[in-house]
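Chains, contacts and geometry: an overview
Take a look at the letters that make up each chain.
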Amino acid sequence: FTAMWPGTFRGGFALFGGTSRPSILGYASMLGGDGTVRGHCQRSDLTCWSMPSAMRDSLVTDIDGDGADELVTALDTNCRQLVAYATDGKVKWDLDVGGAAAARTFDAASRRVICSSDAGYVVAVAGATGRREWCAWIGEQAQLLWLMPDRRVLALTTRGAGWILSADGVV
């Protein structure tokens, strides 16, 4: 497993973990407090034998403000790499982020998921609808996105470079 995140599933504690490389499934497993598998979330097209679809990052939080947590997964796959699932495991929305998704953060004030991609993009997505709000190109993959108190986003890359993006996506 990779990208473990604590949350609740069907009223009880759960760990949400994603499959890592090499993987062709790209699903998230929910493990109960006793370690047993309680369920899975998976987009149906992620079972292709020739398409890698490992999970790189995940988040469990209320992205749309309805009082129920959702699971957001960042996938290393070739299309619609950012996926939001409702607590029942159904896909709420998915979105292409311009390459394999690398890291993500969440802006609770604006209910916005922010995700980076291998292709050097950072995108902001409305949590309720999955609609892209802005897209910025920093030219390299950000391995860490950090939401700062003033809602700017710090993007840190593997080589140690740092980029600051405004709340509106201006680099």
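In this report, the structure presented in the accompanying data block is examined. It should be emphasised that the depicted structure is a prediction, and the values quoted were computed from it without experimental measurement.

1. Observations regarding the overall build of the protein
The helix and strand inventory of the protein stands at zero helices and 15 strands. Taking all 171 residues of the protein together, the buried fraction comes to 50%. When the accessible surface of the protein is split by element, carbon and sulfur atoms take 55% of a total near 7800 Å².

2. Some details on the environment of Leu 82
Here Leu 82 shows up in strand β7 (residues 82-85). Considering only alpha carbons, one finds Leu 82 and Met 55, 27 residues apart in sequence, at a separation of 9.9 Å. Once residues within four sequence positions are removed from consideration, Leu 82 is found in contact with Val 72, Thr 73, Ala 74, Trp 93, Asp 94, Leu 95, Val 97, Val 113, Cys 115 and Val 125.

3. Let's talk about the sheet that holds strand β10 (residues 112-117)
The four strands are arranged β9-β10-β11-β12 in an open sheet whose pairing can be described as antiparallel. A strand with exactly one partner marks an edge of an open sheet, and here the two such strands are β9 (101-107) and β12 (132-137). Looking at each pair of strands side by side, their axes are set apart by 15 degrees on average, direction ignored. Here five bridges tie β9 to β10, and the two strands are oriented antiparallel to one another. Along β10, the bridge assignment pairs Arg 104 with Cys 115.

4. Side note on the nonpolar core
The biggest cluster of nonpolar side chains holds 15 residues, and the ones touching the most others in it are Ile 63, Val 72, Leu 82, Trp 93 and Val 113. Of all the elements in the fold, those that place two or more residues in this core are β6 (70-76), β7, β8 (91-95), β9, β10 and β11 (121-126). Ignoring any residue separated from it by four or fewer positions in sequence, one finds Ile 63 in contact with Glu 70, Val 72, Ala 84, Trp 93, Phe 106, Arg 111, Val 113, Gly 127 and Ala 128.

5. Details of the side chain of Asp 64
Summarising the element assignment, Asp 64 is placed in the loop between β5 (54-61) and β6. Residue class for Asp 64 comes out buried when judged on its relative accessible area of 18%. There is a polar contact of 3.2 Å between the side chain of Asp 64 and the backbone nitrogen of Asp 66. Among the polar contacts made by the side chain of Asp 64, one reaches the side chain of Lys 92 at a distance of 2.8 Å. Sequence-distant contacts of Asp 64, that is, excluding residues within four places in its chain, are made with Glu 70, Lys 92, Arg 111, Gly 127 and Ala 128.

6. Regarding the environment of Tyr 85
Position of Tyr 85 among the secondary structure elements: in strand β7. Considering only alpha carbons, one finds Tyr 85 and Ala 28, 57 residues apart in sequence, at a separation of 9.9 Å.

7. So, the pairing of β9
The two faces of a sheet get side chains in turn, since along a regular strand they alternate between them. With seven of its seven residues buried, β9 lies for the most part within the structure. What sits between β9 and β10 in their antiparallel hairpin is a turn of four residues, with Arg 111 showing a positive phi close to 55 degrees.

8. Details of the sheet that holds strand β14 (residues 153-157)
Think of a sheet as strands paired side by side through backbone hydrogen bonds, with each pair either parallel or antiparallel. One open sheet accounts for three strands, arranged β13-β14-β15; its pairing is antiparallel. Among the strands making up the open sheet, the edge pair consists of β13 (142-147) and β15 (162-165). Taking the axes of each pair of neighbouring strands and ignoring which way they run, one obtains an average angle of 20 degrees across the sheet. For β14 and β15, the ladder comprises four bridges, and the chain directions are antiparallel.

9. Some words on empty space enclosed by the protein
One simple way to see leftover space: roll a probe sized like a water molecule over the atoms. Summed over the entire model, instances satisfying the criterion amount to one cavity of 30 Å³ or more. What lines the largest cavity is simply Thr 8, Phe 9, Phe 16, Met 30, Cys 41, Asp 69, Glu 70, Leu 71, Tyr 85, Ala 86 and Thr 87. When contributions to the lining of the largest cavity are tallied by element, the ones reaching two or more residues are β1 (2-9) and β6. Taken together, the residues that form the lining of the largest cavity break down as seven nonpolar, two polar and two charged.

The rules we used
Residues numbered from 1 in each chain as written. Predicted model: local features only at pLDDT ≥ 70, side-chain atom pairs only at ≥ 80, totals over all residues. Heavy atoms only, no water. Helix = DSSP H or I, 4+ residues; strand = E, 2+ residues; numbered from the N terminus. Buried < 20%, exposed > 50% of the residue type's maximum accessible area, 1.4 Å probe, protein only. Areas by Shrake-Rupley, 256 points an atom, 1.4 Å probe, with all protein chains shown as cover. Contact = heavy atoms within 4.5 Å. Pairing = 2+ DSSP bridges. Axes fitted to C-alpha atoms, helices over the stretch in contact; angles between N-to-C directions. Core = buried A, V, L, I, M, F, W, Y, C linked by side-chain atoms within 4.5 Å. Polar contact = N/O pair within 3.5 Å; in protein donor to acceptor, adjacent residues only side chain to side chain. 1 Å grid on protein atoms, 1.4 Å probe; cavity = no way out; pocket = protein on both sides within 12 Å on 5 of 7 lines; lining within 4 Å. Points joined across faces, edges and corners; volume = space filled by probe spheres on them. Nonpolar A, V, L, I, M, F, W, Y, C, P; charged D, E, K, R; others polar.

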